[in-house]
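Read off the chains here:
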Amino acid sequence: MDYLDQLEAEAIYILREVAGQFDRPALLFSGGKDSICLVHLALKAFRPGKFPFPLVHVDTGHNFQEALDYRDLLAKQLDEKLIVRYVEDTIKAKNLQDGKGKFPSRNGLQTYTLLDVIEEFEFDACIGGARRDEEKARAKERIFSVRDEFGQWDPKKQRPEIWNIYNGKIDKGENVRVFPISNWTELDVWNYIKRENIVLPSIYFTHERECILTENGQLMNTNKFVELDENDVIVTKNVRYRTVGDMTCTSAVESEAYTVDDIISEIKETKISERGATRMDDRVSEAAMEDRKKGGYF
């Protein structure tokens, strides 16, 4: 077995552990490359049977249309159940304060909607595509990450995972966040996409796009949620997206990577993680991600 075979086998084993240990699991699916890989792995784990969990997306209302179109098309092609819940509805129902500022991200507000959908369907495990190399707070989590009855995460209460033994025992009201590709890197994901010939949304590949050039050099997407002013520098560049989160806080990178091979070559040369390079909300403070995770964020 080469290393991709080993990573694949581990992820499939974890997915089957989830199916065996939990009563009402869900796979969080956004139309991004990591969750697309999870769906591909689930096909290998469970076909020709149906998935033992629905696909669930918390839609901020600020998502890239390319990712949403891919999400809907894939769920239809696979004939798997897709549950979508909207942050916009949560804002209205709970009278929450929407994002403010030049780039009004709703990433923090996703937590409320996620916790609501977990309660609505009584999910006891939520599978996600987070990886340890993305951000240092994510490197602290186990593959089975227990959350309390309020959806909160305590990094000091991590369970040992020795010899690939995963403990999914929880009390009523608690749930587990499961990360089958936690041990993968961004480069591993792209090498796997190449090997498996996985189709992705076009946004991951180089295309021409109008962007706002910020003071620190980021290329932010122009969209109806960002209020332009006379001082904004608008440029048209050949760009691609390394990650496709909320488009009000996710920047593009200049690129000439038109193929998966081009992207792999590009990643080998970069020295900045995908979130560190492109996610504005992770730059708020050194502990921005960890603080959100403690509050229930994925």
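Residues numbered from 1 in each chain as written. Predicted model: local features only at pLDDT ≥ 70, side-chain atom pairs only at ≥ 80, totals over all residues. Heavy atoms only, no water.

This next bit is on the overall build of the protein chain. Across its full length, the protein chain carries 9 helices and 10 strands. When contacts within the protein chain are restricted to residue pairs at least 6 apart in sequence, those whose partners lie at least 24 apart make up 74%. For the protein chain, the computed accessible surface area is about 14200 Å², with 49% contributed by carbon and sulfur atoms. Separation between the mean location of the 43 positive side-chain charges and that of the 54 negative ones in the protein chain comes to 3 Å. (Helix = DSSP H or I, 4+ residues; strand = E, 2+ residues; numbered from the N terminus. Contact = heavy atoms within 4.5 Å. Areas by Shrake-Rupley, 256 points an atom, 1.4 Å probe, with all protein chains shown as cover. Lys, Arg positive; Asp, Glu negative; His and termini not counted. Charge placed at Lys NZ, Arg CZ, Asp CG, Glu CD.)

Attention now goes to the pattern of salt bridges. Applying the stated rule across the entire model yields 25 salt bridges. Here Arg242 and Glu186 are joined by a salt bridge, their closest N and O atoms 2.7 Å apart. In this pair, Arg242 is assigned in the loop between β9 (233–240) and β10 (251–254) and Glu186 in helix α6 (residues 186–196), connecting sequence segments 56 residues apart. There is no split in this pair, since Arg242 and Glu186 are both buried. Salt bridges linked by common partners bring Asp2, Asp5, Glu8, Lys44, Arg195 and Glu196 together as one network. (Salt bridge = Lys/Arg side-chain N within 4 Å of Asp/Glu carboxyl O. Buried < 20%, exposed > 50% of the residue type's maximum accessible area, 1.4 Å probe, protein only.)

Along the chain, Arg47 connects to Pro48 via a cis peptide bond; the corresponding omega equals 15°. Secondary-structure assignment places Pro48 in the loop between α2 (33–46) and β2 (55–59). In this structure, Glu122 takes a positive phi of about 55° despite not being glycine. Locating Glu122 in the fold gives a position in the loop between α5 (110–121) and β4 (125–127). In this structure, Asn164 takes a positive phi of about 60° despite not being glycine.

Attention shifts here to the pairing of β2. With 5 of 5 residues buried, β2 is to be regarded as a mostly interior element. Burial of β2 is two-sided: the residues Leu55, His57 and Asp59 facing one way and the residues Val56 and Val58 facing the other way are all buried. Sheet analysis places β2 next to strand β3 (residues 82–86), joined by 5 bridges and oriented parallel. Of the residues in β3, the one forming a bridge with Leu55 is Leu82. Where the polypeptide runs from β2 across helix α3 (residues 65–78) and back to β3, its parallel neighbour, the crossover connection is right-handed. (Pairing = 2+ DSSP bridges. Right-handed = clockwise from strand over helix to strand, strands pointing away.)

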